[in-house]
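Report on the structure
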Amino acid sequence: MAIWVPDLGDRRGPKYLQIVEAMVDDMASGRLTVGTKLPPHRELAHQLGLSANTTSRAYAEGVKRALLRGEVGRGTFVRATAPGLNEGTVGDLRRPSAGPIDLSRNLPPPGVAERHIRSVLEGISRGHEMPSLLDFQVEADISRHVGAALRWLGFCGVTAGPDEVLITNGAQHGLFCILTALFRQGDLLLMETLSYSPVRAMAERLGLRTAAITTDSEGLCPDDLARHCERAAPKALYLIPTLHVPTTNTLSADRRKALLEVVRRHNLLAIEDDVFGLLKPDRPSPLAALDPTRVIYVTSVSKCLAPGLRVGFLRAPAAMVPSLRQAVNLSAWMTPPITAEVASRLISEGTAEPIIRSHRAIAASRQRLARSALQAHRVVADPHGLHLWLPLPKGWTGENFRLAAEKNGVLLSEARAFAVDPALATVEAVRLCLSHEPDQGRVQRGLEVVRQLLDAPPMVMRLSV
Ligand SMILES: Cc1ncc(COP(=O)(O)O)c(C=O)c1O
């Protein structure tokens, strides 16, 4: 087996601490798992071209922070649990390392951007921008933040001018602003049969009507969309064309074109939620790139940099921007300029791309883990996604499976939780999210529980339900 060699890349500070930082990153990403034996410190020193004194100091620091344990005569190992990851000493991730294994939350792996964000915050605290970052930015966002937003949209394949972009407190806030700014009570919002459930909840709260559009194995069906448009007069279609929640599907380029045809024919607005798009390098062009006049594009840095920054970007036709800006102001005044500044610096200084690549690599490795754990079963997944979709074998309903998993210490979501119209949600399936848990060992144990349940549907099940 290959020995562990940390990637010191462009890390700064004393070398021994760089090694410890790399260790923490690799533990968070799952590259270093519980019980892994580290190479002897002399061997590591040789690999890194450093002195043995430096690597031995790094290991001593790892032991001091309870990341590692040394065993006399056997070597140095990653600790059974990595308390440093959970106790606030290094990378306070606030994701429990004990208790139920949480495969229900669709968050990116923790801690990947942490050291970059620390360094950006240090730069901010030393710089001259602080007074303006502590002030209101209501009429317009700070121009360098807008510049970074345009660059991020460019990563996504969407071109925009400064008068077409808004900064929001994440994609969720962007969606909320769209619904409050552009809809009136009673307006009809079309959605995929299964979809990101907060949007349905928001629509309900705002007195909007929703209807579900049928999906097939390729995703949302243009014909059914056309039928709905002919029967009613919907205001807009909300959809997640890339790495769909919960089914992981990505609409093909042809399907996107066919959908836009219907959208144009029926004078519809499309709201494209692309929070996951950047994770998938081989994605087709966003709808907003194909028809910027008909599509509002919503994204954020949550899945690719850090969800706690609460920074999102919205691209809309310029004529809609004043109403959308008013909705941003009414709901939150503005995105906190300090977190917008952090995101902007990560984007503008070229740090965002390597962080995105790390997130992609972790997603891919968790997907491989799941494939191998569940190989005997039908799994619907994308190698770049943070989640997977598991149609259940006969004998299971989504609800029973969720309850059985819960009883065996694993949290996951059943199909019905995503249903726009529960009467139409007939599929028995569950969604598993693979990257919220920091410890790959816990994900593996969670997948093992899932596999056992799949192997033994209720009649013959060995685990207690
Ligand atoms: C499909 C989808 N859209 C939007 C969001 C909200 O993202 P943000 O954290 O940027 O508000 C999520 C979060 O899980 C999501 O899954």
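See the structure above.
Quick look at the structure, then. All residue numbers refer to positions counted from 1 along the written sequence of the respective chain. Restriction of local features to residues with pLDDT of at least 70 applies here, the model being predicted, together with a cutoff of 80 or more for giving and counting side-chain atom pairs; totals for whole chains, interfaces and linings are based on all residues. Water and hydrogen atoms play no part in the side-chain values, which are based on all heavy atoms of the structure.

So, about the site of the ligand. Lining the immediate environment of the ligand, one finds 13 residues, of which Ala171, Asp273, Ser300, Lys303 and Arg310 sit closest. Two N or O atoms count as a polar contact when they lie within 3.5 Å, although within protein this holds only if one can serve as hydrogen donor and the other as acceptor, and sequence-adjacent residues are included solely when both atoms are side-chain atoms. A distance of 2.6 Å is found between a nitrogen atom of the ligand and a side-chain nitrogen or oxygen belonging to Asp273. Residue exposure ignores everything except the shown protein chains as possible cover, and the areas themselves are Shrake-Rupley values with a 1.4 Å probe. Computed on the free molecule, the ligand has an accessible area of 400 Å², of which 91% lies beneath the protein chains in the complex. Three categories are distinguished: nonpolar for Ala, Val, Leu, Ile, Met, Phe, Trp, Tyr, Cys and Pro, charged for Asp, Glu, Lys and Arg, and polar for the others, with Gly belonging to the last. Residues of the shell around the ligand, tallied by class, amount to six nonpolar, four polar and three charged. Nearness here has a simple test: a residue counts as near a molecule or strand if at least one of its heavy atoms is within 4 Å of that partner.

To continue, consider the pairing of strand β14 (residues 387–391). By the criterion of burial, β14 is predominantly enclosed, with five of the five residues buried. Here β14 shows a buried face lined by His387, Trp389 and Pro391 and a second buried face lined by Leu388 and Leu390. DSSP-based pairing: two strands are paired if at least 2 bridges between them are found. Strands are runs of DSSP state E lasting at least 2 residues, helices are runs of H or I lasting at least 4, and numbering of each runs from the N terminus. Sheet analysis places strand β13 (residues 380–381) next to β14, joined by two bridges and oriented antiparallel. Bridging across to β14, Ala381 finds its partner in Leu388. The buried label applies to any residue whose accessible area, calculated with a 1.4 Å probe on protein chains only, is under 20% of its type's maximum; exposed applies above 50%, and partly exposed to all values in between.

One speaks of a salt bridge when a side-chain nitrogen belonging to Lys or Arg is within 4 Å of a carboxyl oxygen belonging to Asp or Glu. This structure, assessed with the given rule, holds 26 salt bridges. Close ionic contact of Arg451 with Glu448 constitutes a salt bridge, the shortest N to O distance being 2.6 Å. Of the two residues, Arg451 and Glu448 both sit in helix α16 (residues 440–455), three residues apart, roughly one turn of that helix. Judged by its relative accessible area of 24%, Arg451 falls in the partly exposed class. Several salt bridges converge on common partners, so that one network encompasses Glu129, Arg144, Glu341 and Arg345.

This brings us to the environment of Lys394. In this fold, Lys394 is placed in the loop between β14 and α15 (398–407). C-alpha separation for the pair Lys394 and Gly161, spaced 233 residues apart in sequence, amounts to 52 Å.

With that settled, the discussion passes to the pairing of strand β17 (residues 429–433). Of all five residues making up β17, five are buried, and the element is well covered by its neighbours. Here β17 shows no split at all, with Ala429, Arg431 and Cys433 on one side and Val430 and Leu432 on the other all buried. Across five bridges, the pairing between β14 and β17 is antiparallel. Looking at β17, one finds that His387 is bridged to Cys433. Direction of pairing for strand β16 (residues 413–414) relative to β17: antiparallel, over a ladder of two bridges.

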